[in-house]
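Structure at a glance
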Amino acid sequence: MVEKIERKSLAEQVYDQIKAEITSGAWKIGERIPKEADLMTQFGISRNTLREAIRALAHIGLLETKQGDGTFVRNNSELHAIMQKRVRESSVQEILEMRHALDREAVILACERRTDEDLKMLKKYKQLCYLANKDNDVTAFVKADSALHLTIVKAAHNDLLLDMYVNILEEIQFSITSTTEMNPAVNKHNGHATLVSAIEKRDKEGAAHEVTEYITLFKQIAAKNGDNK
């Protein structure tokens, strides 16, 4: 069957070319893009066409226009930009509920698919979480805890799940920070020793239970801190 030939407007073609510059890394995050006059000459287009393309890229979060300073690259992934924007509009409670779903599936798959190397890295970050908690170091704990969760997702060996997790990792780190209490009596997961042990034993039920336990704890802390809206 013959398919219709897709016809793109000039602005859409410029959109695609600018996006390619960003996603390829030619234009890096934080850098200012070339001036309007230079881009108009490069693409052979009018100012209105260029601005239409830039507005569309700013809308999805790849670009950011600062009055008087120019336009800067904000993200190099369309998915990252969209997911980051959506998660930032969500409450801590909603983020924790999403984390529950992602973390639970990740630990179940990790129990099935983790390698010896995955397990080695999990134990490394588990120990770093424990030491940070012991030293009452919130910054170190959040860093180690984020690395541990990312390693669990990697151990699930599902590229799509990993891509989604990486694209919201910054906001997940925020949810960890806002719900962390460096008190062994309160911070019962204390480095996720039981969770890592369950993954080592390939105990899916036990691992999923641990996820529910720490997410429930985080929700309680968020509610107490007034962060659940």
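The text that follows walks through the structure, step by step, so that each part is easy to find. Note that the structure is predicted; figures quoted are calculated from it, not measured.

1. What about helix H6 (residues 116-134)?
Over its 19 residues, H6 runs 27 Å from end to end, which matches the ideal 27 Å to within 8%, given 1.5 Å per residue. Buried residues along H6 sit in contact with helix H5 (92-113), helix H7 (138-155) and helix H10 (193-200). Looking one or two residues beyond H6, the residue adopting positive phi is Asn136, at roughly 60°.

2. Section: the packing of aromatic side chains
Applying the stated criterion across every chain yields a total of one aromatic pair. Considering the side-chain rings of Tyr214 and Phe218, the 5.8 Å spacing of their centres and the 50° angle between planes classify their relative orientation as tilted. Linking Tyr214 with Phe218, this pair stays in helix H11 (residues 204-225), spanning four residues, or about one helical turn. Judged by relative accessible area, Tyr214 falls into the buried class, the value being 2%. Classification of Phe218 as buried rests on a relative accessible area of 2%. The ring of Phe72 has Lys66 sitting right over it, with the charged end atom 4.9 Å from the ring centre.

3. Quick look at the nonpolar core
One recurring pattern in soluble globular proteins: nonpolar side chains tend to sit buried together. Counting 41 residues, the largest nonpolar core has Val107, Leu148, Ile152, Leu161, Leu195, Ile199 and Ala207 as the members making the most contacts within it. Mapped by element, the contributors of at least two residues to this core are helix H4 (78-88), H5, H6, H7, helix H8 (159-167), H10 and H11. Element by element, the count of residues in this core is highest for H5, at 10 residues. Beyond its immediate stretch of four places on either side in the chain, Leu161 contacts Leu102, Ala106, Leu109, Val153 and Ala156.

About the thresholds
- Residues numbered from 1 in each chain as written.
- Predicted model: local features only at pLDDT ≥ 70, side-chain atom pairs only at ≥ 80, totals over all residues.
- Heavy atoms only, no water.
- Helix = DSSP H or I, 4+ residues; strand = E, 2+ residues; numbered from the N terminus.
- Expected span 1.5 Å × (residues − 1).
- Contact = heavy atoms within 4.5 Å.
- Phe/Tyr/Trp six-rings, centres within 6.5 Å; stacked < 30°, edge-to-face > 60°.
- Buried < 20%, exposed > 50% of the residue type's maximum accessible area, 1.4 Å probe, protein only.
- Lys NZ or Arg CZ within 6 Å of the ring centre and 35° of its normal.
- Core = buried A, V, L, I, M, F, W, Y, C linked by side-chain atoms within 4.5 Å.

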